Amino acid sequence: METTFTRTYEEEKEYKLSDLKPYEVDLLKRVIEICWEAREKGNHPFGCLLADEEGNILMEQGNEEVTEGGDCTCHAETALMRKATKKYTKEEMAHFTMYNCGDPCAMCAGAIYWGNLGRVVYIGRESELKKYTGDDIRNPTLDLPSRVVFASGQKKVEVLGPFLELEPELMKCHENYWHPSENFKG
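Values in this document were obtained by computation on a predicted structure and should not be read as measured data.

*Asks:* Looking at this structure, how should I read the overall build of the protein chain?
*Replies:* When helices and strands are counted, the protein chain shows 7 helices and 5 strands. The C-alpha atoms of the protein chain give a radius of gyration of 16 Å, which matches the 16 Å a tight globule of 186 residues would have. Based on the C-alpha atoms only, the size of the protein chain along its principal axes is roughly 50 × 45 × 35 Å. Every one of the 186 residues in the protein chain was classed for burial, and the buried ones make up 47%. Pairs at least 24 residues apart make up 66% of the contacts formed inside the protein chain by residues separated by at least 6 positions. Just so you have it, the protein chain exposes about 10,200 Å², and 50% of that area is on carbon and sulfur atoms. The positive charge centre, built from 23 side chains, and the negative charge centre, built from 34, are 1 Å apart in the protein chain.

Right, dumping it as structure tokens:
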């Protein structure tokens, strides 16, 4: 007997910074700074932060994969969720927002889902990131939108993004960082 699963998820729409509260734009700009800080520490240029409903920053997290000895689970979002879920209850997490540099990968989306985070706001598209990473083994992009991962669950995680107005500024963090092979044809 063959079983077919059909998942539905909200397709990306065109998001504008004007759709956000002014403090949320500032939080997304802070995320770009966190990406630069991660890169300056020798890590991959990714970052995120956790904020409450009033926009108060509760935690910030850059990628730590390199400084944590190659631990592939040290993506910024998963590391942040690991710390946040030790400090906050699932009820509290449902009211928080993660502001993120990009659409969370499947691993990070899983951590967000299991941690009961209520909302994700992100800047950049995976398709744009791939133009920089190419086939660099350090970041083989995974084209699996977080919306698909979340739609596979029993609860709703609100996702807003990408915010293309900030994407060029974010992608500057990735310039001259990745080393795709000469044979890569994106």
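Still to come is the rest of the account.
*Asks:* What exactly am I supposed to notice about helix α2 (residues 76-87) here?
*Replies:* Every α-helix winds through 3.6 residues per turn, so residues three or four apart in the chain are directed the same way. In a regular helix each residue adds 1.5 Å, so 12 residues correspond to 16 Å; α2 covers 17 Å between its end C-alpha atoms and thus fits that length. As for α2, its buried residues are in contact with β1 (47-51), β2 (57-62), α3 (90-93), β3 (97-102) and α4 (106-114).

*Asks:* Explanation requested: the pairing of β1 in the structure shown.
*Replies:* Here is the key point about a regular strand: its side chains alternate between the two faces of the sheet. Of all 5 residues that make up β1, 5 are buried, and the element is covered over most of its length. Both faces of β1 are covered, namely the face carrying G47, L49 and A51 and the face carrying C48 and L50. With antiparallel pairing between neighbouring strands as the criterion, β1 and β2 make up a hairpin whose turn holds 5 residues, including G55 at a positive phi of roughly 90 degrees. As defined by bridge partners, β1 adjoins β3 across 4 bridges and the pair is classed as antiparallel.

*Asks:* It is not clear to me how the pattern of salt bridges should be interpreted in this structure. Could you clarify?
*Replies:* In a structure, side chains of opposite charge can pair up when their charged atoms sit close to one another. Using the criterion set out here, one finds 10 salt bridges in the structure. In this structure, K16 and E14 form a salt bridge, with 2.8 Å as the shortest nitrogen-oxygen distance. Taking relative accessible area as the criterion, K16 reaches 34% and is therefore assigned partly exposed. Classification of E14 as exposed rests on a relative accessible area of 57%. E60 is the salt-bridge partner of R30, the closest N and O atoms lying 2.8 Å from each other. Of this pair, R30 sits in helix α1 (residues 22-40) while E60 sits in strand β2, and the two are 30 residues apart along the sequence.

Cut-offs used in this document
Residues numbered from 1 in each chain as written. Predicted model: local features only at pLDDT ≥ 70, side-chain atom pairs only at ≥ 80, totals over all residues. Heavy atoms only, no water. Helix = DSSP H or I, 4+ residues; strand = E, 2+ residues; numbered from the N terminus. Rg over C-alpha atoms; globule rule 2.2 N^0.38 Å. Buried < 20%, exposed > 50% of the residue type's maximum accessible area, 1.4 Å probe, protein only. Contact = heavy atoms within 4.5 Å. Areas by Shrake-Rupley, 256 points an atom, 1.4 Å probe, with all protein chains shown as cover. Lys, Arg positive; Asp, Glu negative; His and termini not counted. Charge placed at Lys NZ, Arg CZ, Asp CG, Glu CD. Expected span 1.5 Å × (residues − 1). Pairing = 2+ DSSP bridges. Salt bridge = Lys/Arg side-chain N within 4 Å of Asp/Glu carboxyl O.

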